[in-house]
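Chain by chain, the residues:
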Amino acid sequence: PRLHRSSSSVSIVLIDSSHNGYGMVAGNTSPLSYHPDNGFIIAYRQWVPGDPTKSGYLGAAFSENGQTFETYSHLNIDEPAETMGRYPSAVAGTDYPYIVWNEYTQTGTGGGLYGGRPFYSWDEFYYGGGSFFSPPVDINNGCSPSPCDPPDNWVGSVSLAHDGTTPVLNAAYSQWSNSQKESSGNRWLYHSNKNVSGYFSFDNPIMLFDEADFMEEGFTSNVVIDINEIGVGYAVVSSYFKGQSPDSSHTLMIRKTNDYGESWSGENG
């Protein structure tokens, strides 16, 4: 037998109720984010008593101290979203908290077989303000007009850094299907180029990883991205290179940025 000694303690707080909240255990998302000057922001799929069978409502919660939380409901209203929110992430900026996710669109606006369409919102009244921007904003410029191009973006990995005083948001998504039918290994990046009072505008999508480089049949993982405060970061998937033996070549594919996600290594293959 072993005796474990610890001087630490744990407090467990009930924040809210989630309905089918599996996105919180996906390694690509960041459902909890913390800013040392502001506190905690959390994103999750929310259980709404008035519509108890639906699992696509998105909620958020804010706390200065991690013990007392204020919750916010139904961030993804019906238009242009469809209250079919999936895989939400929270990111804590210097001034504003952001919620980023994708919708499982049923009307085809997201394009592709599964209709994934990336969105974000932010609290316009800063932390604890309780006024998340509505309607939610498209991240993909190719969604105006719909259907989105590139289509079917799911499982976003989000990173927020600050270039001086300007926040820079990078959101990397996996293309779950092409515009026809089969799965895709394409992984896309959405890089912000401006922020005005919390509102981000984005460059056109960058293909970080091209399915033409990889073995077919769905061996490529979802993408993960992280960029630090001096602009250095990485995007990573695991896959097989095309033409390699699947017995020995499942490995990490890595691209690097030195400028907050504006450009990436590996443009020549």
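As a convention, each chain's residues are numbered from 1 in the sequence order in which they are written. Where totals are concerned, whole chains, interfaces and linings use all residues; where local detail is concerned, this predicted model gives features only for residues with pLDDT of at least 70, and gives and counts side-chain atom pairs only at 80 or more. As a convention, hydrogens and water are excluded, and side-chain values are obtained from all of the structure's heavy atoms.

1. Here we look at the overall build of the chain
(1) Moving on: Put simply, DSSP marks the helices as runs of H or I at least four residues long and the strands as runs of E at least two long, and each gets a number from the N terminus on. When its secondary structure is counted, the chain shows 0 helices and 16 strands.
(2) Moving on: Taking 269 residues into account, the globule formula puts the C-alpha radius of gyration at 18 Å, and the chain, at 19 Å, falls close to it.
(3) Moving on: The C-alpha extent of the chain, read off along each of the three principal axes, is 55 × 55 × 45 Å.
(4) Moving on: Per-residue accessibility, obtained with a 1.4 Å probe over protein chains only, is compared with the maximum for each type, and a residue is labelled buried under 20%, exposed over 50%, and partly exposed between these values. Among the 269 residues that make up the chain, the fraction classed as buried is 49%.
(5) Moving on: Working definition of accessibility: Shrake-Rupley area with a 1.4 Å probe, residue cover restricted to the visible protein chains. Only carbon and sulfur atoms are counted for the fraction: they give 49% of the accessible area of the chain, which is about 13,300 Å².
(6) Moving on: Counted charges follow a simple rule, with Lys and Arg positive, Asp and Glu negative, and His plus the chain ends left uncounted. Charge positions come from single atoms, namely NZ of Lys, CZ of Arg, CG of Asp or CD of Glu. When the 12 basic and 29 acidic side-chain charges of the chain are each reduced to a single mean position, those positions are 8 Å apart. Radius of gyration means the value over C-alpha atoms here, while the globule rule gives 2.2 Å times the residue count to the 0.38 power.

2. Focus on a negative patch on the surface
(1) Moving on: Taken together, Asp210, Glu211, Asp213 and Glu216 make up a surface patch of like negative charges.
(2) Moving on: Note on placement: Glu216 falls in the loop between strand 13 (206–209) and strand 14 (224–227).
(3) Moving on: Among the residues examined, Glu216 registers a relative accessible area of 57% and is labelled exposed. Patch definition: residues above 30% relative accessible area lacking any salt bridge, with like charges linked at up to 9 Å and the nonpolar side chains Val, Leu, Ile, Met, Phe, Trp and Tyr linked at up to 5 Å. Put simply, a salt bridge is a Lys or Arg side-chain nitrogen that is within 4 Å of an Asp or Glu carboxyl oxygen.

3. Some remarks on the state of the cysteines
Such a bond, covalent and formed between the sulfur atoms of two cysteines, is termed a disulfide.
(1) Moving on: Pairs of cysteine sulfur atoms within 2.5 Å are what we label disulfides. For the coordinates displayed, the defined rule picks out 1 disulfide.
(2) Moving on: Across the disulfide from Cys143 sits Cys148; the S-S distance is 2.0 Å. On the S-S bond that ties Cys143 to Cys148, the torsion sits near 110 degrees, and the link is right-handed. Here the two residues Cys143 and Cys148 agree in accessibility, since each one is buried.

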